Amino acid sequence: WRGQEGAPYSTLVPSDEVTINYRHGLPVITLMLPTRSERCQFTVKPVVTTVGAFLQDVKREDKGIERAEVFATDGSKVSDATLMEVLLMNDFKLVINNTAYSVSPPVKDKLSSEHATEMEDIKSLVHRLFVALHLEDHQIRKERELLQKLDHLKGELLPLEQMKARIVDSADAKTSRLLWVGLALMSTQGGALAWLTWWVYSWDIMEPVTYFITYGSAMAFYAYFVLTKQDFIYPHAKDRQFLHYFYRKSRKQRFNVERYNKLKDDLAEAEESLRRLRQPLHLRLPIQEINDKD
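Residues numbered from 1 in each chain as written. Predicted model: local features only at pLDDT ≥ 70, side-chain atom pairs only at ≥ 80, totals over all residues. Heavy atoms only, no water.

Details of the overall build of the protein chain
Move 1: Check the secondary structure of the protein chain and you find eight helices and seven strands.
Move 2: Going through the 294 residues of the protein chain one by one, you find that 26% of them count as buried.
Move 3: Considering only residue pairs separated by 6 or more positions, the protein chain has 57% of its internal contacts joining residues 24 or more positions apart.
Move 4: Carbon and sulfur atoms make up 57% of the accessible area of the protein chain, which totals about 20600 Å². (Helix = DSSP H or I, 4+ residues; strand = E, 2+ residues; numbered from the N terminus. Buried < 20%, exposed > 50% of the residue type's maximum accessible area, 1.4 Å probe, protein only. Contact = heavy atoms within 4.5 Å. Areas by Shrake-Rupley, 256 points an atom, 1.4 Å probe, with all protein chains shown as cover.)

As structure tokens, then:
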């Protein structure tokens, strides 16, 4: 028999060194404490006690125990979260320091179907009572955790929000300047065409010129559609140009857009969880008390 890291244990003790007996329906595990050299009994509540809790009780009883683990017969480690009720269904190995104890739990008499149903009803009732008695403490603890998470996320978002505000102002200013430049160019073009039509040439000469200018504009709009797969709509074009300036400025300022979006999503999720947690039907508190907490 080898341990979790592949090294053999110094001793493999027969199963009679660790015995399991049932008293009043509860399993009693008897084992030899290594440093105290005396046998000790541990009464286990299999429905609520986990393997980790049992091992902690063994370590508290004998301070000389540095290692306590449970392995299945195939060598795989049993999780500390496993209930003792599940562990006691099959043989297992209890490792204390460098000694492995082979344990064979006794086979319990099979319960009748009526008695089994009654036990399941009792377990369900105990579970509902536990939830009813501890629900408020759980809700308050969860609310405290969410509030701490919100404070942490807001603290991380604050410098990013300030940097984003500066980048947004800069991108918005550049976009507005571009729009005004476009208006100035269109006004200049209209004035130049009017001057050439009425003071320099005649409409007979300028008509083909305006035709090709119009056709060239149509080609420019079509090229915009080919490149962006979007129609040339002024609000959409403005937003696209704004995003172009925003991301270019973000790269210069080393503003992590992905991290900012991730923090915003986490903040929205935490706020939504807190909102649902504070609903009267979930918290089971009077409306007035919830408003005071807000």
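Remarks on the environment of Val86
Move 1: Tracing the backbone through its elements, the reader meets Val86 in helix α2 (residues 84-87).
Move 2: Given a relative accessible area of 44%, Val86 falls into the partly exposed group.
Move 3: C-alpha of Val86 to C-alpha of Pro46: the two residues are 40 residues apart in sequence and 8.0 Å apart in space.

Details of the sheet that holds strand β3 (residues 26-33)
Move 1: With antiparallel pairing, three strands are arranged side by side in an open sheet as β2-β3-β4. This sheet does not close on itself; its edge strands, each paired only once, are β2 (19-23) and β4 (38-43). Direction aside, neighbouring strands of the sheet carry axes that sit 30° apart on average.
Move 2: As judged from the six bridges shared by β3 and β4, these two strands associate in the antiparallel manner. The residue bridging Met32 from the neighbouring strand is Arg39, located in β4.
Move 3: Strands in contact with helix α1 (residues 51-61) are β3 and β4; relative to β4, the strand with the most contacts, it is inclined by about 145°. (Pairing = 2+ DSSP bridges. Axes fitted to C-alpha atoms, helices over the stretch in contact; angles between N-to-C directions.)

Quick notes on the nonpolar core
Move 1: Within the largest apolar cluster, 24 residues are counted, with the highest numbers of intra-cluster contacts made by Ile29, Leu31, Phe54, Val70, Phe92 and Leu94.
Move 2: Breaking this core down by element, the ones donating at least two residues are β3, β4, α1, β5 (68-72), α2, β6 (92-96) and β7 (99-103).
Move 3: Broken down by element, this core gets its largest block of residues, four residues, from α1.
Move 4: The contacts of Phe92, once residues within four sequence positions are left out, are Ile20, Val70, Phe71, Thr73, Leu87, Tyr101, Ser102, Val103 and Pro105.
Move 5: Counting 18 residues, the second largest nonpolar core, distinct from the first, contains Leu146, Ala171, Tyr245 and Tyr260. (Core = buried A, V, L, I, M, F, W, Y, C linked by side-chain atoms within 4.5 Å.)

Quick notes on the packing of aromatic side chains
Move 1: All told, the structure shown has seven aromatic pairs when counted by the stated rule.
Move 2: A centroid spacing of 6.0 Å and a plane angle of 85° characterise the contact between Phe42 and Phe54, whose relative ring orientation is edge-to-face. One end of the pair, Phe42, is in strand β4; the other, Phe54, is in helix α1, with twelve residues separating them in the sequence. Like Phe42, the residue Phe54 is buried in the burial classification.
Move 3: With centroids separated by 6.5 Å and ring planes inclined at 40°, the aromatic side chains of Tyr222 and Phe225 adopt a geometry described as tilted. Highlighted residues: Tyr222 and Phe225, both in helix α4 (residues 203-228), separated by three residues, approximately one helical turn.
Move 4: For Phe225, a relative accessible area of 36% gives the class partly exposed.
Move 5: Through a chain of ring-to-ring contacts, the aromatic side chains of Phe242, Phe246, Tyr247, Phe255 and Tyr260 assemble into a single cluster. (Phe/Tyr/Trp six-rings, centres within 6.5 Å; stacked < 30°, edge-to-face > 60°.)

Some words on the pattern of salt bridges
Move 1: Scanning the entire structure with this criterion turns up seven salt bridges.
Move 2: Its salt-bridge partner being Lys77, residue Asp80 comes within 3.9 Å of it at the nearest N-O pair.
Move 3: Since its relative accessible area comes to 41%, Asp80 is described here as partly exposed.
Move 4: Glu272 is the partner of Arg275 in a salt bridge, and the nearest nitrogen-oxygen pair spans 2.5 Å. (Salt bridge = Lys/Arg side-chain N within 4 Å of Asp/Glu carboxyl O.)

Some words on a nonpolar patch on the surface
Move 1: A cluster of nonpolar side chains, namely Trp195, Trp198, Trp199, Val200, Tyr201 and Ile205, defines an oily patch on the protein surface of about 780 Å² accessible area.
Move 2: The biggest single contributor to the nonpolar patch is helix α3 (residues 113-200), with four residues.
Move 3: The residue Trp195 is located in helix α3 in this model. (Patch = residues over 30% accessible without salt bridge, like charges linked within 9 Å, V, L, I, M, F, W, Y side chains within 5 Å.)

A look at α1
Move 1: For α1, the full list of buried residues reads Val51, Gly52, Phe54, Leu55 and Val58. Burial along α1 is one-sided: seen end-on, the buried residues are contained in an arc of 160°.
Move 2: Contact partners of the buried residues in α1: β3, β4, β5, α2 and β6. (Arc of directions from axis to C-beta.)

Some points on the UniProt feature "transmembrane region" (unreviewed entry) in the protein chain
Move 1: In the numbering used here, UniProt assigns the feature "transmembrane region" (unreviewed entry) to residues 178-197 and 209-227.
Move 2: For residues 178-197, helix accounts for 100% and strand for 0%, while the C-alpha atoms at its two ends are 28 Å apart.
Move 3: The straight-line gap between the two end C-alpha atoms of residues 209-227 is 27 Å; of that span, 100% is helix and 0% is strand. (UniProt positions renumbered as here; feature names shortened; annotations may be inferred.)

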